[in-house]
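For reference, the chains in residue letters:
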Amino acid sequence: MLFICTDPAAPKYVAAEDNIEEWGAEMETRGVALHGDRLRPVEDATTVTVRGGEVVVSAGPFAETQGWIAGYDIIKCTDLDEAIEVASKHPMAKFGKIEIRPVWPLGE
C-alpha cells in the first residue's frame, strides 16, 4: 500500500506537473494498480478510541503533525524494488512523500 503524504518541506505543488492521470493509466496498463483515492483534509477526520469501556470520539486526526496522509494507492508488486519504482513515478513523490507499507493479512 502506498500512503500519499503531504510534506511541508517539499517543493511547492505545481498543478501543471501533477501527472496523476498518466501515472494511473501506466500502473493500470502494467496491472499494478488495484485501487486508490484521495482522502478528505485532516479537518474532516474523526478519531474513535475506547477507554475504560467508554467510546471517545474526537474531531480531527489522532496526532498533531505537519504532514498528513492525503490519499492512498493499493498496488500489487512482485517485490519491494518494483514498489519503490512505482512510488517514485507518483507525482506526489515530488511534492510530498510516499510511504510504502506491505499489507499484513489477518491470520498470518
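Before reading on, note that the structure itself is shown above.
Described in the following lines is the structure provided in the data block. (Residues numbered from 1 in each chain as written. Predicted model: local features only at pLDDT ≥ 70, side-chain atom pairs only at ≥ 80, totals over all residues. Heavy atoms only, no water.)

Take the overall build of the protein next. Across its full length, the protein holds 3 helices and 6 strands. Secondary structure elements of the protein, listed N to C terminal, follow the sequence β-α-β-β-β-β-α-α-β. Looking at the protein residue by residue over its 108 residues, the buried ones come to 25%. Look at the contacts in the protein between residues 6 or more apart in sequence, and 74% of them connect residues 24 or more apart. With the model as given, the accessible surface of the protein reaches about 8,000 Å², and the carbon-plus-sulfur share is 57%. Separation between the mean location of the 10 positive side-chain charges and that of the 19 negative ones in the protein comes to 2 Å. (Helix = DSSP H or I, 4+ residues; strand = E, 2+ residues; numbered from the N terminus. Buried < 20%, exposed > 50% of the residue type's maximum accessible area, 1.4 Å probe, protein only. Contact = heavy atoms within 4.5 Å. Areas by Shrake-Rupley, 256 points an atom, 1.4 Å probe, with all protein chains shown as cover. Lys, Arg positive; Asp, Glu negative; His and termini not counted. Charge placed at Lys NZ, Arg CZ, Asp CG, Glu CD.)

A word on the state of the cysteines. According to the stated counting rule, one finds 0 disulfides in the structure shown. In this structure Cys 5 is not part of a disulfide, and its nearest cysteine sulfur, from Cys 77, lies 17 Å away. Cys 5 sits in the buried class, given a relative accessible area of 13%. Its relative accessible area of 25% is what places Cys 77 among the partly exposed residues. (Disulfide = S-S within 2.5 Å.)

Turning to the pattern of salt bridges, a few remarks are in order. Inspection of every chain in the model, using the stated rule, returns 7 salt bridges. With a closest N to O distance of 2.8 Å, Arg 30 and Glu 85 form a salt bridge. Residue Arg 30 is located in helix H1 (residues 20-30), and its partner Glu 85 is located in helix H2 (residues 80-89); the two are separated by 55 residues in the primary sequence. (Salt bridge = Lys/Arg side-chain N within 4 Å of Asp/Glu carboxyl O.)

To continue, consider H1. Taken together, the buried positions of H1 are Trp 23, Gly 24 and Met 27. Along the long axis of H1, the arc covered by the buried residues comes to 95 degrees, so they all point the same way. Away from the buried face of H1 by more than 90 degrees, exposed residues Glu 21, Glu 22 and Thr 29 are located. On its buried face, H1 is in contact with strand E1 (2-6), strand E2 (33-38), strand E5 (69-75) and H2. The positive-phi residue at the C-terminal boundary of H1 is Gly 31, with phi of around 80 degrees. (Arc of directions from axis to C-beta.)

For the rest of this paragraph, the subject is the sheet that holds E5. The 4 strands are arranged E2-E5-E1-E6 in an open sheet whose pairing can be described as antiparallel. Each edge of the open sheet is held by one strand with a lone partner, namely E2 and strand E6 (96-100). Neighbour-to-neighbour, the strand axes of the sheet open up by a mean angle of 20 degrees, direction not taken into account. Note: E1 against E6, 5 bridges, orientation antiparallel. Each bridged residue has a counterpart across the sheet, and for Leu 2 the counterpart in E6 is Ile 100. Against the sheet, H2 touches E1, E5 and E6, its axis set at about 160 degrees to E6. (Pairing = 2+ DSSP bridges. Axes fitted to C-alpha atoms, helices over the stretch in contact; angles between N-to-C directions.)

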